[in-house]
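Structure assessment
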Amino acid sequence: MNFNDNLTGYLPEQRAFASRVQALLKEREVANPKAHIVTFGCQQNVSDSERIKGMLILCGYTLTEEITEADFILFNTCAVRGHAEDRVYGNVGATKKLKQANPNLMVAVCGCMAQQQSVADKFYKSYPYVDIVFGTQQYHRLPEFIYRRMTSKRVYELELDNKEIVENIPISRDGKLKGWLPIMYGCNNFCTYCIVPYVRGRERSRDPQEIIKEATNMIKSGFKEIMLLGQNVNSYGKGESHGVNFAKLLRMINDIEGDFRIRFMTSHPKDCTEELLDAIRDCEKVERHIHLPFQSGSSKILKQMNRRYDREGYLKLIKAARDRMPDVEFTSDIIVGFPGETYEDFCETLTLVKEVKFTSLFTFIYSPREGTPAAVMPDPASREEKGKWFNELLIAQDEISEQLNRSLIGKEMRVLCEEDLGDGVYSGKSEFYSSVTFNGTPEVMGNFVTVRVEKYENNTLYGTIIN
Ligand code: 5AD
Ligand code: SF4
């Protein structure tokens, strides 16, 4: 665990609430209070949970992996697709029994699902053992919520006021090597299938100096990879007076001293400029990998999705990136079975995948989200049909991945050694996106090594360290 206890700047009233929670826990003789956090969904949620953990430590809790020994259980939820939601209800329901066994146990639900009024109401009314329900823009007030619940009624705080970003929240980072760094919050794009703009509010960018400060601290404490996070990092800085856009921000972070690398996600093609591609090319610490979701290969469907680019524009962008960086790797998100999508439309997704040759894909079957425009569009294709298209896509991508991986044999890559697989075998990710497995000695762990790829077997690239 990696707790930043430099709290200068974190809201004084919240620090005071945290001290009061600590005192109350002592008074009530909760010996060694423990907190257990369950995180669903994307990296943004994982990053938010690191801040939630930081605030819980400030309140006097230690973290536990064991839900049954927890005095505080928090579910950080995701609303992007339906099936994650079903899991949350089941998980939250199971805490009823735990509460019977531990009267001190407090249960909280937050995140994108909780931000939806109807869902929050359901938690509040049908799950009386849920103590705290709070929305995506209220995280920084967690110490206050815990204190209020300990001394009074259940808490329900959903305000989505799009105010300034609260800085200096304590953080308990999950790892020591690779760390998340949120640079912006919210989304203004309103893709017609997507719930995010409704549950995360308007786009707000962090001050560049705050980002540089956090990145510098991470590097000083040994992090070797910084993942810049945002729903659409490419529109970083829009509407702010500081004049730093994403391309400039990348250059600023690249200038921080130290041996580390920079990744970022997610990029919206409509905001991916030539200036940004130049910055990616010029910055030696920025990975040669762009996660560039295209969602659909059909211009007709893209229009209905309100993506604001077409197939041709997307392919031009890929070419512009490859002209600058011939071996840049791409990954993407795809939705199969958007309302009104026909097999012919789907085939355009398939041909785009074959043309671009993505290193890997994150593929989803369309899931209607209540309150979004797409949820009320006619959707004649059956689930079964969509499932068949989806499988066709997976098979096509498997072939491409296999080809791409084989083409890497003989290539040298700079790999961050992330995992000790035992028996002197290690693995890590290259400066592109691929993972490679190799033999090494313990001191390679957590360091950069140059590896020559020797073979591809059982969906794995194997290599040898050459320095
Ligand atoms: N149904 C299916 N997939 C979705 N995504 C977002 N909303 C939906 C939805 N309603 C996918 C998109 C996005 C990724 C994070 O999740 O591909 O890029
Ligand atoms: Fe959702 Fe589109 Fe915003 Fe991404 S850019 S979070 S898909 S609305």
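Residues numbered from 1 in each chain as written. Chains lettered and ligands numbered in written order. Predicted model: local features only at pLDDT ≥ 70, side-chain atom pairs only at ≥ 80, totals over all residues. Heavy atoms only, no water.

1. Thoughts on the site of ligand 2
In the vicinity of ligand 2, the contacting residues are C187, N189, F190, C191, Y193, C194, V196, P197, Q231, H268 and R307. Here the residues of the shell around ligand 2 are counted per class, giving seven nonpolar, three polar and one charged. (Near = heavy atom within 4 Å. Nonpolar A, V, L, I, M, F, W, Y, C, P; charged D, E, K, R; others polar.)

2. Describing the environment of K34
Mapped onto the fold, K34 is located in strand 2 (residues 34-39). Filtering out sequence-adjacent residues up to four positions away, K34 remains in contact with Y61, T62, T64, E69, A70, D71 and F72. (Helix = DSSP H or I, 4+ residues; strand = E, 2+ residues; numbered from the N terminus. Contact = heavy atoms within 4.5 Å.)

3. Considering the domain arrangement of the protein
If you check the domain split of the protein, you get domain 1 (2-157), domain 2 (183-203 + 231-239 + 264-407) and domain 3 (412-465). Computed over C-alpha atoms, the centres of domain 2 and domain 3 are 29 Å apart. If you look at the interface, domain 2 gives twelve residues, while domain 3 gives seven residues. Carbon and sulfur atoms supply 55% of the area buried between domain 2 and domain 3, which totals about 900 Å² over both sides. The largest contributions to the domain 2 side of the interface with domain 3 come from E287, E329 and N405, which together make up 45% of the buried area. There are zero salt bridges connecting domain 2 and domain 3. (Domains from an automatic or database assignment. Buried area = accessible area lost by both parts, 1.4 Å probe. Salt bridge = Lys/Arg side-chain N within 4 Å of Asp/Glu carboxyl O.)

4. So, the packing of helix 14 (residues 343-356) against helix 15 (residues 383-407)
Packing of helix 14 against helix 15 brings their axes to within 10 Å, and their N-to-C directions diverge by 10 degrees. As far as their axial angle goes, helix 15 and helix 14 are roughly parallel. The interaxial crossing formed by helix 14 with helix 15 has right-handed handedness. Residues Y343, F346, L350, V353 and K354 of helix 14 touch helix 15, and the partners they reach there are W389, E392, L393, A396, Q397 and I400. (Axes fitted to C-alpha atoms, helices over the stretch in contact; angles between N-to-C directions. Parallel < 35°, antiparallel > 145°, perpendicular 65-115°, else oblique. Left-handed = near helix turned anticlockwise from the far one by under 90°.)

5. Details of the nonpolar core
Counting residues in hydrophobic clusters, the biggest one holds 71 residues, and the most contacted among them are I183, L228, F246 and I253. At six residues, helix 13 (residues 311-324) tops the list of elements feeding residues into this core. What F246 contacts, discounting residues up to four positions off in sequence, is I183, L228, V233, N234, Y236, F264 and L276. Grouped together as the second largest cluster of nonpolar side chains are 29 residues, A35, L56, Y139 and I169 included. (Core = buried A, V, L, I, M, F, W, Y, C linked by side-chain atoms within 4.5 Å. Buried < 20%, exposed > 50% of the residue type's maximum accessible area, 1.4 Å probe, protein only.)

6. Digging into the packing of helix 3 (residues 82-93) against helix 6 (residues 117-126)
Packing of helix 3 against helix 6 leaves a shortest axis separation of 12 Å and a crossing angle of 20 degrees. Considered as vectors, helix 3 and helix 6 are oriented roughly parallel to each other. The crossing of helix 3 and helix 6 is right-handed. In this structure, helix 3 uses V88, Y89 and V92 to contact helix 6, whose residues at the interface are V119, K122 and F123. Each residue belonging to the contact of helix 3 with helix 6 can be placed in one class, and the counts come to five nonpolar, no polar and one charged.

7. Focus on helix 2 (residues 43-58)
Over its 16 residues, helix 2 runs 23 Å from end to end, which matches the ideal 22 Å to within 8%, given 1.5 Å per residue. With 14 of 16 residues buried, helix 2 lies mostly within the body of the structure. Taken from the residues just after helix 2, G60 is the one with a positive phi, measuring 105 degrees. (Expected span 1.5 Å × (residues − 1).)

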